[in-house]
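Listed below, chain by chain, are the residues.
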Number of protein chains: 2
Amino acid sequence: MRNDWKTQMKINASLVEDALARYLETPDEDLSVLYEAMRYSALSEGKRIRPFLVIEFCRLFGGTAKEALPFACAIECVHASSLIHDDMPCMDNDDLRRGKPTNHVVFGEDIALLAGDALITKGYELAARNPFVSPEIALGATAMLLKNAGGFGMMGGQQIDLLGEKNPVDFPLLLKMHAKKTGALIIASALLGCYAAGIASEEDERMRDAALYAENIGLAFQVIDDILDATSDDITLGKRVHADERMQKTTFLTEMSVEEAFTYAKQKTEAAVSAIEKYENSAILADFAKYLLERKK
Amino acid sequence: MRNDWKTQMKINASLVEDALARYLETPDEDLSVLYEAMRYSALSEGKRIRPFLVIEFCRLFGGTAKEALPFACAIECVHASSLIHDDMPCMDNDDLRRGKPTNHVVFGEDIALLAGDALITKGYELAARNPFVSPEIALGATAMLLKNAGGFGMMGGQQIDLLGEKNPVDFPLLLKMHAKKTGALIIASALLGCYAAGIASEEDERMRDAALYAENIGLAFQVIDDILDATSDDITLGKRVHADERMQKTTFLTEMSVEEAFTYAKQKTEAAVSAIEKYENSAILADFAKYLLERKK
């Protein structure tokens with residue numbers, strides 16, 4: 001019998017954390033501060049959603065967790081790097097993340113900046129050096145990851161978000177911002193799973209279905225985030241609610257009512273599920289998409 | 001007749017700048033600020049030493065500038081990214097670079113941080129997507145670049161440098177710091193040229209000679225940098241001099257006199273030249289090594 005998604009997510013997270021701890025060992029005592037800062041963020045508590053997608057898409061298309069693991073660690077390094085830089089005083093200036101002091105609070109801004117640089121570079125390198133796939137696959141996966149993380153992907157979304165704090169963001173730009181800022185790495189996760197399973201072309205129908213699933217759950221996730229910020233309370237959510245309203249940020253709720261937004265998220269979730277349900281053993285990914293819609297925090 | 005190194009460096013720089021301008025075009029008007037910041041630093045005045053090495057090592061071993069160009073642009077993006085982040089207030093806090101205001105002075109710290117992230121990612125991506133080499137070569141070159149730029153390479157050297165501002169650095173650690181902080185990218189440049197020429201293994205004698213040349217000119221370059229910082233002026237150098245003294249940094253001049261340091265740099269230059277002189281048409285690289293020794297800025 002297959003595990004349910006929650007059990008499997010814990011198993012995958014544990015695999016990823018063990019591998020990351022090895023990949024991020026200090027290679028030279030003179031570099032111990034930098035590597036400690038890298039480990040601090042990459043190994044801090046988290047659900048490991050992106051690695052989960054890498055591993056489960058690899059499994060969906062006939063691969064194993066072992067083949068997917070270097071890619072799963074790669075995407076987590078890229079994600080963790082973006083959080084370090086996002087939290088810095090010149091960006092969001094957050095001193096707490098999931099109840100722990102942020103990287104720059106612990107290590108200083110200079111080391112945090114470097115740790116973010118080194119962690120993203122390590123992530124890309126783990127992808128390029130995945131020993132369980134062919135050179136063509138490793139190269140395709142790495143080039144895709146670089147594109148989705150870079151200025152036209154995640155980092156481009158961060159730029160739109162930053163400028164949006166000064167200038168009004170309309171709905172099409174809000175969609176573009178989310179598609180890049182969070183969507184690009186979610187899509188990269190699903191595609192890395194496909195690459196790990198040996199699918200070499202992004203024109204392959206399985207790759208396109210994986211991207212469609214990822215794009216839709218990414219959007220639904222963001223809509224629910226906005227709804228929870230507006231309707232939940234501090235205790236349930238585990239962070240301060242109404243932040244969007246206080247910051248006068250454009251969100252999905254600037255454009256539509258809570259009910260309309262939930263319907264919109266539901267449609268996106270259905271689109272995600274229908275992109276993959278034709279594949280055997282897709283239940284775990286379908287259940288995960290439904291969980292993201294129904295979550296209360 | 002072959003061009004002398006100075007003429008060739010100008011030709012190569014112009015090729016690289018034209019290509020970089022294309023590679024860094026704004027892909028979407030909503031991302032124009034980020035891409036403008038990326039271009040501002042990548043295309044700012046510079047000698048393009050690293051791209052010169054990429055192209056000339058490619059030529060030395062039978063390749064063409066065309067094959068080397070994506071790698072040459074890649075290394076320049078990685079280098080420019082490191083300068084953006086190095087100049088930030090939390091790092092060296094420099095407001096002037098090559099006679100121009102630094103990136104964060106023009107675009108703000110938030111955009112500068114992002115532009116550094118996006119530029120290094122673009123550099124890696126250009127290497128991975130070099131269309132003129134085989135997938136094996138592109139992958140080998142990219143993995144090597146990532147290793148030399150990352151926490152065990154350039155960024156590791158930056159960490160040693162940063163901590164050295166608080167704790168005394170002895171001479172062996174100073175050498176390690178330079179080998180990583182600047183040496184790793186100089187070596188990467190020479191090796192990228194070899195990869196572009198179709199040499200696939202770093203065990204190949206030509207790769208080892210290229211690395212030896214690069215390691216030695218990198219060291220000589222750094223010694224001369226320390227000498228110029230101590231003995232030149234702002235206008236000649238195009239940046240603020242006596243920075244090392246103000247920051248109470250360990251340099252080669254902490255260990256030896258200006259004369260001894262120059263002799264040391266001369267020995268390294270000779271070692272560099274002797275690593276490559278057995279190859280036909282190596283004069284341009286030999287002359288370049290000698291120029292680095294004699295330069296006044």
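Please refer to the structure higher up on the page.
Right, let's walk through the structure included here. Within each chain, residue numbers correspond to sequence positions counted from 1 in written order. Chain letters and ligand numbers both follow the written order, the letters beginning at A and the numbers at 1. Totals for whole chains, interfaces and linings use all residues, but because this is a predicted model, local features are given only for residues with pLDDT of at least 70 and pairs of side-chain atoms are given and counted only at 80 or more. Excluding hydrogens and water, the side-chain figures rest on all heavy atoms present in the structure.

**Here's the deal with the overall build of chain A**
Then, in step 1: Under the scheme used here, helices are H or I runs from DSSP no shorter than 4 residues and strands are E runs no shorter than 2 residues, and both carry numbers assigned from the N terminus. The helix and strand tally for chain A stands at 15 helices and two strands.
Then, in step 2: Computation of the radius of gyration draws on C-alpha atoms, with the globule rule given as 2.2 Å multiplied by the number of residues to the power 0.38. For 297 residues, the compact-globule formula gives about 19 Å, and the C-alpha radius of gyration of chain A, at 19 Å, lands near that figure.
Then, in step 3: Exposure categories follow from relative accessible area, calculated using a 1.4 Å probe and restricted to protein chains: below 20% of the type maximum is buried, above 50% is exposed, and the middle band is partly exposed. Relative to its 297 residues, chain A shows a buried fraction of 57%.
Then, in step 4: Taking the contacts inside chain A whose residues are at least 6 apart along the sequence as the reference set, 71% of them involve residues at least 24 apart. Residue contacts are counted whenever heavy atoms from the two residues lie within 4.5 Å of one another.

**What to know about the interface of chain A and chain B**
Then, in step 1: Opposite the 46 residues of chain A that make contact, chain B presents 46 residues.
Then, in step 2: Summing both sides of the interface, chain A and chain B together bury roughly 4,200 Å²; the carbon and sulfur share of this comes to 70%.
Then, in step 3: Using a 1.4 Å probe, buried area is obtained as the accessible area two parts lose upon being combined, added over both of them. On the chain A side of the contact with chain B, Leu114, Leu139 and Gln159 of chain A bury the most area, a combined 14% of that side's loss.
Then, in step 4: Salt bridge, as applied in this entry: a Lys or Arg side-chain nitrogen positioned within 4 Å of an Asp or Glu carboxyl oxygen. Note that Lys176 of chain A and Asp28 of chain B form a salt bridge whose closest N and O atoms lie 2.8 Å from each other.
Then, in step 5: The term polar contact refers here to a pair of N or O atoms within 3.5 Å; inside protein, the definition further demands a hydrogen-donor-capable atom paired with an acceptor-capable atom, and it admits residues adjacent in sequence only when both atoms are side-chain atoms. Here chain A is connected to chain B by 18 residue pairs in polar contact (both at pLDDT 80 or more).
Then, in step 6: Taken together, the elements giving at least two residues each to the side of chain A that touches chain B come down to helix H2 (32–42), helix H6 (109–128), helix H7 (135–149), helix H8 (154–164) and helix H9 (171–196) of chain A.
Then, in step 7: It is H6 of chain A that provides the largest number of residues to the side of chain A that touches chain B, a total of eleven residues.
Then, in step 8: The class makeup of the residues in the side of chain A that touches chain B is 26 nonpolar, eight polar and twelve charged. Asp, Glu, Lys and Arg are counted as charged, while Ala, Val, Leu, Ile, Met, Phe, Trp, Tyr, Cys and Pro are counted as nonpolar; the rest, among them Gly, fall into the polar class.

**Some details on unusual backbone geometry**
Residue and element names in this part refer to chain A.
Then, in step 1: Positive phi, close to 60°, is recorded for Arg48, a residue that is not glycine.
Then, in step 2: With respect to the secondary-structure elements, Arg48 resides in the loop between H2 and helix H3 (49–60).
Then, in step 3: Residue Arg98 is not a glycine yet carries a positive backbone phi of 50°.
Then, in step 4: You can see Arg98 is positioned in the loop between strand E1 (96–97) and strand E2 (100–101).

**Observations concerning the relation of the copies chain A and chain B**
Then, in step 1: Least squares is the method for superposing the copies, and the C-alpha atoms it fits come from residues with pLDDT of at least 70 in both. Once chain A has been moved 0.3 Å along the axis and rotated by 179°, it coincides with chain B to within an RMSD of 0.8 Å. On this basis, the relationship between the two copies can be described by a two-fold rotation axis. When C-alpha distances to the rotation axis are compared across chain A, the minimum falls at Leu139 of chain A, with a value of 2.8 Å.
Then, in step 2: A symmetric contact is evident, with 100% of the interface residues of chain A recurring at the interface of chain B.

**Some words on helix H4 (residues 65–87) of chain A**
Then, in step 1: Compared with an ideal rise of 1.5 Å per residue, which puts 23 residues at 33 Å, H4 of chain A spans 31 Å between its outermost C-alpha atoms and is within 8% of the ideal.
Then, in step 2: The buried count for H4 of chain A comes to 21 of 23 residues, which makes it a mostly enclosed element. In this analysis, the expected span of each helix is defined as 1.5 Å times one less than the number of residues it contains.

**Remarks on the nonpolar core**
Then, in step 1: In plain words, nonpolar cores are sets of buried Ala, Val, Leu, Ile, Met, Phe, Trp, Tyr and Cys residues tied together by side-chain atoms within 4.5 Å. Formed by 222 residues in total, the largest nonpolar core has its most connected members in Tyr213 of chain A together with Tyr213 and Phe288 of chain B.
Then, in step 2: Here the element with the most residues in this core is H9 of chain A; it accounts for 14 residues.

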